[in-house]
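Okay, here's what each chain looks like letter by letter:
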Amino acid sequence: MAFFNELGKRLGGVAEAAADKAKTLAEIAKLNSDISAEERQIESLYLEIGELVFASEKDNTNSPVVEQCQEILICQKNIAALSARIEQVKAGDEQVLGKKTEPIYPMHPNEDNSHARGELCSNCGVPVPENSKFCPSCGEPVND
């Protein structure tokens, strides 16, 4: 009988230790979840700050973030051009179907933009694709 009593005490001790360990792990998991929620909130605030800075600095040529603002503007124009192509494809425009769908404007100044002329539009500053007669952004005639 003493053997079973001792075995019962040991099993009870192991079960109690396991329960304590499970409580500890659950508390750590909750804390990690809370940390993740705070990190998501920080990312959201960073995004909001970035949007506010972009809105106030996009036209400021002396801004310390002028390059990033220009890249955002180029990306926005790419999105508009690609969205227009989607509408053309939906409408069944045969001239658009099967064409390469690379962005009209180079995404980043440091990328290999072999399709770009290497010139910027004298009116709006957007890179002009090779063989273009007019700026795809503002319609300004391009000097050859």
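Trainee: Looking at this model, I keep getting lost on helix α2 (residues 66-90). Mind explaining?
Mentor: One turn of an α-helix holds 3.6 residues; hence residues three or four places apart share an orientation. Its 25 residues give α2 an end-to-end C-alpha distance of 36 Å, which sits within 8% of 36 Å, the value for a rise of 1.5 Å per residue. Of the residues making up α2, those classed as buried are C69, E71, I74, N78, A81 and R85. Contact partners of the buried residues in α2: α1 (2-57) and β2 (127-129). Just downstream of α2 lies G92, where phi reads positive at about 85 degrees.

Trainee: Looking at this structure, how should I read the pattern of salt bridges?
Mentor: Where charged atoms of side chains with opposite charge meet at close range, the side chains can pair. Under the counting rule described, the total for this entry stands at 3 salt bridges. Linking E6 and R10 is a salt bridge whose minimum nitrogen-to-oxygen distance equals 3.6 Å. On the criterion of helical spacing, the pair formed by E6 and R10 is a turn pair, its members being 4 residues apart in helix α1. When its relative accessible area of 40% is taken as the criterion, E6 is described as partly exposed. R10 gets classed as exposed once you look at its relative accessible area, which sits at 57%. Across the salt bridge formed by K90 and E87, the nearest N and O atoms sit 3.9 Å from each other. Taken together, the positions of K90 and E87, both in helix α2 and 3 residues apart, correspond to about one turn of that helix. When its relative accessible area of 48% is taken as the criterion, E87 is described as partly exposed.

Trainee: Is there a simple way to explain the confidence of the model for the protein chain in this structure?
Mentor: Note: predicted coordinates in regions of low pLDDT should not be interpreted at a detailed level. Averaged over every residue, the pLDDT of the protein chain is 80; the share at 70 or more is 81%. Across the protein chain, α1 holds the top mean pLDDT of 91, while strand β1 (residues 116-120) sits lowest at 57. Across residues 109-117, where pLDDT falls below 50, the model places 21 contacts with residues more than four positions away in sequence or in other chains.

Trainee: What is the right way to look at a nonpolar patch on the surface in this model?
Mentor: A contiguous nonpolar patch, built from M1, F3, F4, L7 and L11 and spanning about 620 Å² of accessible area, is present on the exposed surface. One can find F3 in helix α1. A relative accessible area of 56% means that F3 is categorised as exposed.

Definitions and limits used
- Each chain has its residues counted from 1, running along the sequence as written.
- Local features in a predicted model are, by the rule used here, given only for residues with pLDDT of at least 70; side-chain atom pairs are given and counted only at 80 or more, and totals for whole chains, interfaces and linings are based on all residues.
- Heavy atoms throughout the structure, all of them, feed into the side-chain values; hydrogens and water do not.
- Working definition: helices are DSSP H or I runs of at least four residues, strands are E runs of at least two. Numbering for both runs from the N terminus.
- Multiplying 1.5 Å by the residue count of a helix minus one yields the expected span of that helix.
- Type-normalised accessible area, obtained with a 1.4 Å probe on protein chains alone, sets the label of each residue: buried when under 20%, exposed when over 50%, and partly exposed for intermediate values.
- For this analysis, residues touch if any pair of their heavy atoms sits within 4.5 Å.
- Should a side-chain nitrogen of Lys or Arg be within 4 Å of a carboxyl oxygen of Asp or Glu, the pair is scored as a salt bridge.
- The predictor attaches a confidence to each residue, and that confidence, scored 0 to 100, is pLDDT.
- Each patch is built from residues lacking any salt bridge and having more than 30% relative accessible area; the joining distance is 9 Å for like charges and 5 Å for nonpolar side chains (Val, Leu, Ile, Met, Phe, Trp, Tyr).
- Method for areas: the Shrake-Rupley scheme with a 1.4 Å probe, in which residue coverage is limited to the protein chains shown.

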